[in-house]
Amino acid sequence: MTNDPFRLDGKVALVTGSATGIGAAIATALAAAGADIACHGKDEPGEATMAAVQKLGRRAAGMAADLADRAAHAELVRRTKAELGRIDILVNNAGLIRRSPAVEYSEEDWDLLIEVNLTSAFRLSQLAGKQMLEQGSGRIVNIASLLSFQGGILVPAYAASKGGIAQLTKALANEWAGRGVNVNAIAPGYITTDNTAALRSDEARSRQILDRIPAGRWGEPSDIAGAALFLCSEASRYVHGHVLVVDGG
Ligand code: NAP
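About the criteria used
Residues numbered from 1 in each chain as written. Predicted model: local features only at pLDDT ≥ 70, side-chain atom pairs only at ≥ 80, totals over all residues. Heavy atoms only, no water. 1 Å grid on protein atoms, 1.4 Å probe; cavity = no way out; pocket = protein on both sides within 12 Å on 5 of 7 lines; lining within 4 Å. Points joined across faces, edges and corners; volume = space filled by probe spheres on them. Helix = DSSP H or I, 4+ residues; strand = E, 2+ residues; numbered from the N terminus. Pairing = 2+ DSSP bridges. Axes fitted to C-alpha atoms, helices over the stretch in contact; angles between N-to-C directions. Contact = heavy atoms within 4.5 Å. Near = heavy atom within 4 Å. Polar contact = N/O pair within 3.5 Å; in protein donor to acceptor, adjacent residues only side chain to side chain. Areas by Shrake-Rupley, 256 points an atom, 1.4 Å probe, with all protein chains shown as cover. UniProt positions renumbered as here; feature names shortened; annotations may be inferred. Nonpolar A, V, L, I, M, F, W, Y, C, P; charged D, E, K, R; others polar. Buried < 20%, exposed > 50% of the residue type's maximum accessible area, 1.4 Å probe, protein only. Disulfide = S-S within 2.5 Å.

Undergrad: Lay out empty space enclosed by the protein in plain terms, naming residues and giving numbers.
TA: What the rule picks out here adds up to one cavity of 30 Å³ or more. Lining the largest cavity are 13 residues, with N92, A94, V116, S120 and A121 sitting closest to its centre. Elements represented by at least two residues in the lining of the largest cavity include exactly α4 (107-135) and α5 (156-176).

Right under this line is the structure:
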């Protein structure tokens, strides 16, 4: 044990969507700081993420679940506690994007995005939050987006879900800040993951985006890891309801 406020020794974190992209980088960073990790993916938990966690000397419990299935939420929290003993940190990272003009946007895509990007984050926060409130401590980090603040182009459901995530973060923080549970969010800029593959393959859009990033490059998943570690650790103990933008400026 150490007095380093960024250490997470003895803590257990559930990171949704940690098989790939930003979730994999966050899971690995939390493990490097000492946390055991419940690794989650829709179809499979992500062997590479689990191996990275184990290589760091931490325990990894793998779980697959479709977050559009409401029965999955309670099961994920139950399994985290059953397999790793407790739950101290929840990172609501899983999410997806579907692009289409608003007039053509299908009811199916609307429902799916709201369900996975927003409703599952609320349900998981409710379930994990209950445990955290009982133990008097916990951290919830939601992965928001620049589209929590902007409307974007051809992404009405995504923008609505991410706007909702920012508001949910503040609503939960208002209720739980005085009870030892910190709820915050990270709004990543443009990060090179599957989520942005379509944007990056469109040369004109990709150039327009790059021209607006002062740092002069797209972000890497690992660029989000430090902010996540801060918000999951004792170092952020007086930070509540904040949406931390990590976007290269
Ligand atoms: P990603 O690699 O596509 O990761 C998304 C993760 O969400 C995947 O691991 C995926 O699991 C999981 N997921 C999707 N649908 C799911 C479902 N129905 N049930 C369970 N899990 C599901 O992309 P990413 O960029 O790292 O995305 C992570 C988060 O960052 C998302 O919330 C995204 O909106 C947000 N974000 C990304 C960017 C960016 O520029 N990349 C910017 C702002 C915000 P499977 O792989 O198993 O399908």
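Undergrad: How would you explain the sheet that holds strand β4 (residues 89-92) if you had to name every residue and give the values?
TA: The seven strands lie next to each other as β3-β2-β1-β4-β5-β6-β7, forming an open sheet whose pairing is parallel. What marks the edges here is a single partner per strand, and that holds for β3 (60-64) and β7 (243-246). Strand-to-strand twist across the sheet, computed as the mean angle between neighbouring axes with direction ignored, equals 15°. Sheet analysis places strand β5 (residues 138-143) next to strand β6 (residues 181-188), joined by six bridges and oriented parallel. Following the sheet pairing, G138 is matched in β6 by V181. Running over the sheet, helix α2 (residues 47-55) touches β2 (36-41) and β3 and is turned about 165° from β3.

Undergrad: A description of the site of the ligand should follow, citing residues and the corresponding values.
TA: Neighbouring the ligand are 28 residues, the closest being K42, N93, Y158, I191 and T193. Between the ligand and the protein, one listed contact pairs an oxygen atom with a backbone N or O atom of K42 at 2.8 Å. A distance of 2.8 Å is found between an oxygen atom of the ligand and a backbone nitrogen or oxygen belonging to I191. Protein chains bury 90% of the 890 Å² of accessible surface belonging to the ligand in isolation.

Undergrad: Give a description of the UniProt feature "domain: Ketoreductase" (unreviewed entry) in the chain that names residues and reports values.
TA: The positions that UniProt labels "domain: Ketoreductase" (unreviewed entry) are, in the present scheme, residues 11-179. With 50% helix and 15% strand, residues 11-179 has end C-alpha atoms that lie 18 Å from one another.

Undergrad: With reference to specific residues and values, describe the layout of surface pockets.
TA: Within this model, the largest pocket holds a volume of roughly 1,200 Å³. Contributing to the lining of the largest pocket are 48 residues, with G95, L96, I97, T193 and N195 lying nearest its centre. Looking at the lining of the largest pocket, the elements with two or more residues in it are α1 (21-32), β2, α4, α5 and α6 (197-201). Grouping the constituent residues of the lining of the largest pocket by class yields 23 nonpolar, 14 polar and 11 charged.

Undergrad: Please set out the side chain of T169 residue by residue, giving values where relevant.
TA: Looking at the element boundaries, T169 is found in helix α5. On the basis of relative accessibility, which here comes to 0%, the residue T169 falls in the buried class. Looking at T169, its side chain comes within polar contact range of the side chain of N142, at 3.0 Å. The residues touching T169, leaving out its near neighbours within four places in the chain, are N142, V183, N184, A185, G241 and H242.

Undergrad: Explain unusual backbone geometry residue by residue, including any values.
TA: One non-glycine residue, L154, lies in positive phi territory at about 65°. By secondary structure assignment, the location of L154 is in the loop between β5 and α5.

Undergrad: Give a description of the pairing of β3 that names residues and reports values.
TA: The element β3 is extensively covered by neighbouring structure, given that four of its five residues are classed as buried. Note: β2 against β3, five bridges, orientation parallel. The partner of G41 across the bridge, within β3, is A64.

Undergrad: Run through the state of the cysteines, naming residues and quoting values.
TA: Applying the stated criterion to the full structure yields zero disulfides. Sulfur of C39: no disulfide; nearest cysteine sulfur belongs to C232 and is 14 Å away. Looking at C39, the relative accessible area reads 0%, which means it is buried.

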